[in-house]
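Fold and contact review
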Amino acid sequence: MSALSVRGLHRSVGATQILRGIDLDVTAGEAIGIIGPSGSGKSSLLRCIAGLDPIAAGSVAVEGRATRPGDGAVGMVFQQFNLWPHLTARQNVALALRLVRKLPVREADARAEAALAQVGLAALAARKPAALSGGQQQRVAIARTLAMEPRVLLFDEPTAALDPELTTEVLDVIRALAAGGTTMLVVSHEMGFVAGLATRVVFLDHGQVVQSGPPAEIFSQRAEPRIQAFLQTYLSRVAWVQA
Amino acid sequence: MMQAFIDSLWATARGLPVTLAIWLAAVVAGMALGFLVGALRFFAPRLVSWPLAALVETVRGVPFLVQCFLLYFGGPFVGIDLSPVMAGFVALSVYGAAYFSEVFRAGFNAVPPGQLEAARLLGLSRPATVWRIMLPVMALGVLPALANLAVILIKETAVLSIITVPELTFRVQGVGTSTFAFAETTLVLALVYWGLVEATAMLARATERRIERALAA
Amino acid sequence: MMAATWATIWISAAGIAIGFALGVPLAVAAQRWWARLYISFFRGVPLLVQLLLAYYALPFLGIDLPGIVAAVGTLGLCCAAYMAEILRGGFALVPRGGLEAARLLGLTPTQTLLRIRLPIAAQAMRPALVNEAILIIKASSLISVVGILELTRSAQALASSTFEPLPAYALCGAIYLIINLSLSFAARARPA
């Protein structure tokens, strides 16, 4: 049985079709990189898997069961972190452990500290989000999701809102999680990172999977022309920025 | 002339407690009712929220004086026979609630949706999300507006003198009527309100800063 | 009541016009002590008490104005304090660069104020200005107290002659509501 199974997933907003029939099977321990031009439906796919956006047709199942938001099957890390500004890092992580998992305060705090330690932030547990850098905030958000032990972890452009020098610390955390066997789907524009991290890369365009395969295949001359074109503009843009 | 000032101060001493009591009661009741209406307008289905919106717009679109007349003089015709003080309290509470509800609704709207999605994904229940996330996040934002409204309501209490509530304006103007020293009494009245409003505004700002510091720490 | 409605409308319009005209210099001078004192006083004292001052205290000082002038004047002076606060907030939103550009191009301070700062601020502050206009229309009901025939006064007269206050005040309230709703709809409908 696959950890995550997406079947014939459709989503539309008004007359616009955002996703048109996505099929995706993810085995436990896999790290799936999702790439594609903006507007191709990458974020929508993650949001539908998480249950945040309604789906028009098709199904999403985690370990064979349909999911709904909040059941703990799927965790998601957002581009904008979405930490709660009035709570400290520890409280951000511990809140759901206490209210949803019904853990006693002490145990919830201990688990929160452990999750923060896992992302290298044990020392900053008492700080509020405003007193943390963007990279640190994103790591707290990862810890908050990790502490609930989801079966599948979704990353929606986790470094897109960060200054370039702060992306490394976040990417390192995600790499460590993947190496530890966490099942994950990562939407990212950091092509080098995706190539190094993913066991499989999925290229989306206009709401459909154009091609999916190991990084060596997607990031090569053998890939679909559309993918090569996308990577080409991507590379030239990077080169232009560097020049 | 000196006598008129002394009489005015004496009238102030009698009227001010009434003004303050009605104001405080109306702020508390208005804020509670306003919170309820604001929350319903944000969370309840349209069948509930639309009539509430119409009600709020009506209360905000009609002069407070006319609302006082409606309740105090018109009320007895539909079985609502209130004393001046009760009518004043009810009218001021309802008037305040309409404005307070708008502040709370704006506060709910201002909570970033992503923070609520995070709560939903982590499995927090609706009440827990409102209580633990929305209220604290919006609290800082709505605080200045709430304080500002409370100060505005102090000034509205003067209107209650017209429906014979024995508050500050009514008492001090009473001295004017009996002594014809209207210039003196009105001057005292203006200075007392000015001081009261400035003092309350200062207190509100100090409280705000304190709460801000407590929440930011 | 029709005539009284028009009275309310023109009295409010005059008050708002005076308020805006005085509010601009007040907003520019907002940091000066006299501007602060003015704003603090007119925002700190209930309008009803301000009206009573104009009626009772001014004649005592030898200034005897016709009732309607005193009423409209008070409404305008009070409105100016609120306008100043709104415009000050609006001025703060005008980008510095725009003002510096105007200065470098040789515009006088008055030209800069009228042609650059005010239009930009008014644009940003339109909802607040409309709000203030509605507050003044409602506040104009208070001048019924000093005996000027406007909407609220006419409703009082109707109520006491028919002995039916409920329909009289309900009609009066409905007219205010229609005026205010039309104003806010008109403001919202006109493209920004």
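Structure: above.
**Looking at a positive patch on the surface**
All names here are of chain B. On the surface, a cluster of positive charge is contributed by R205, R209, R210 and R213. Counting through the fold element by element, R209 comes out in helix α8 (residues 182-216). For R209, a relative accessible area of 48% corresponds to the partly exposed category.

**A closer look at the interface of chain B and chain C**
Across the contact, 34 residues belong to chain B and 34 residues belong to chain C. Note on chain B versus chain C: buried area summed over both sides is about 2900 Å², and carbon and sulfur give 78% of it. The largest share of the area that chain B buries against chain C comes from B:P63, B:K155 and B:W194, three residues that together contribute 20% of it. One can count 0 salt bridges joining chain B with chain C. In this assembly, chain B and chain C are joined by 8 residue pairs in polar contact (both at pLDDT 80 or more). For the side of chain B that touches chain C, the secondary structure elements donating two or more residues are α2 (46-61), α3 (64-74), α4 (84-110), α7 (168-179) and α8 of chain B. When residues of the side of chain B that touches chain C are assigned to their parent elements, the largest contribution, 11 residues, is made by α8(B). Per-class residue counts for the side of chain B that touches chain C are 22 nonpolar, 7 polar and 5 charged.

**Description of the pattern of salt bridges**
By the definition in use, this model includes 15 salt bridges over all chains. Note that B:R41 and B:E102 form a salt bridge whose closest N and O atoms lie 2.7 Å from each other. Separated by 61 residues along the polypeptide, B:R41 in helix α1 (residues 2-43) and B:E102 in helix α4 bring together distant segments of the chain. For the pair B:R41 and B:E102, one class covers both residues: buried. The network of salt bridges with shared partners includes A:R11, A:R47, A:D53 and B:E117.

**Considering the packing of helix α2 (residues 89-99) of chain A against helix α6 (residues 126-156) of chain B**
The geometry of α2(A) relative to α6(B) is characterised by a closest axis approach of 12 Å and an angle of 155° between their N-to-C directions. Here α2(A) lies roughly antiparallel to α6(B), going by the angle between them. The chirality of how α2(A) crosses α6(B) is right-handed. The segment α2(A) lies against α6(B), with A:L95, A:R98 and A:L99 engaging B:A128, B:R132 and B:I133. Among the residues forming the contact of α2(A) with α6(B), the class breakdown is 4 nonpolar, no polar and 2 charged.

**Points about the nonpolar core**
Ranked by size, the top nonpolar core spans 200 residues in total, and within it A:I142, A:M184 and A:L185 carry the most contacts. Setting aside residues no more than four positions away along its own chain, A:L185 makes contact with A:L4, A:L24, A:V26, A:I32, A:I34, A:L46, A:I49, A:V152, A:L153, A:L154 and A:F155.

**Digging into the sheet that holds strand β4 (residues 57-62) of chain A**
Residue and element names in this part refer to chain A. Spatially, the 4 strands line up as an open sheet ordered β2-β1-β4-β5, and their pairing is antiparallel. Looking at which strands have only one partner, the edges of the open sheet turn out to be β2 (16-26) and β5 (65-66). Pairing geometry for strand β1 (residues 4-13) and β4, over 5 bridges, is antiparallel. Note on β4: the bridge partner recorded for L4 is V62.

**Examining the pairing of strand β7 (residues 152-156) of chain A**
Residues and elements named next belong to chain A. The buried count for β7 comes to 5 of 5 residues, which makes it a mostly enclosed element. Both faces of β7 are covered, namely the face carrying V152, L154 and D156 and the face carrying L153 and F155. Pairing between strand β6 (residues 74-77) and β7: 4 bridges, direction parallel. Residue G75 lies in a different strand from β7, and its bridge partner there is L153. Direction of pairing for β7 relative to strand β8 (residues 184-187): parallel, over a ladder of 4 bridges. When the bridges of β8 are listed, F155 appears paired with V186. Handedness of the crossover joining β7 and β8 through helix α5 (residues 164-179) is recorded here as right-handed.

**Examining the packing of aromatic side chains**
Overall, the coordinates contain 15 aromatic pairs over all chains when judged by the stated rule. Pairing B:F64 with B:Y95 gives two aromatic rings, centres 4.9 Å apart and planes at 40°, and the pair type is tilted. Here B:F64 is found in helix α3, whereas its partner B:Y95 is found in helix α4, with 31 residues between them in sequence. Judged by relative accessible area, B:Y95 falls into the buried class, the value being 5%. Ring plane angle 85° and centroid distance 4.9 Å describe the contact between B:W194 and C:F41, whose orientation is recorded as edge-to-face.

The rules behind each value
- Residues numbered from 1 in each chain as written.
- Chains lettered and ligands numbered in written order.
- Predicted model: local features only at pLDDT ≥ 70, side-chain atom pairs only at ≥ 80, totals over all residues.
- Heavy atoms only, no water.
- Patch = residues over 30% accessible without salt bridge, like charges linked within 9 Å, V, L, I, M, F, W, Y side chains within 5 Å.
- Areas by Shrake-Rupley, 256 points an atom, 1.4 Å probe, with all protein chains shown as cover.
- Salt bridge = Lys/Arg side-chain N within 4 Å of Asp/Glu carboxyl O.
- Lys, Arg positive; Asp, Glu negative; His and termini not counted.
- Charge placed at Lys NZ, Arg CZ, Asp CG, Glu CD.
- Helix = DSSP H or I, 4+ residues; strand = E, 2+ residues; numbered from the N terminus.
- Buried < 20%, exposed > 50% of the residue type's maximum accessible area, 1.4 Å probe, protein only.
- Contact = heavy atoms within 4.5 Å.
- Buried area = accessible area lost by both parts, 1.4 Å probe.
- Polar contact = N/O pair within 3.5 Å; in protein donor to acceptor, adjacent residues only side chain to side chain.
- Nonpolar A, V, L, I, M, F, W, Y, C, P; charged D, E, K, R; others polar.
- Axes fitted to C-alpha atoms, helices over the stretch in contact; angles between N-to-C directions.
- Parallel < 35°, antiparallel > 145°, perpendicular 65-115°, else oblique.
- Left-handed = near helix turned anticlockwise from the far one by under 90°.
- Core = buried A, V, L, I, M, F, W, Y, C linked by side-chain atoms within 4.5 Å.
- Pairing = 2+ DSSP bridges.
- Right-handed = clockwise from strand over helix to strand, strands pointing away.
- Phe/Tyr/Trp six-rings, centres within 6.5 Å; stacked < 30°, edge-to-face > 60°.

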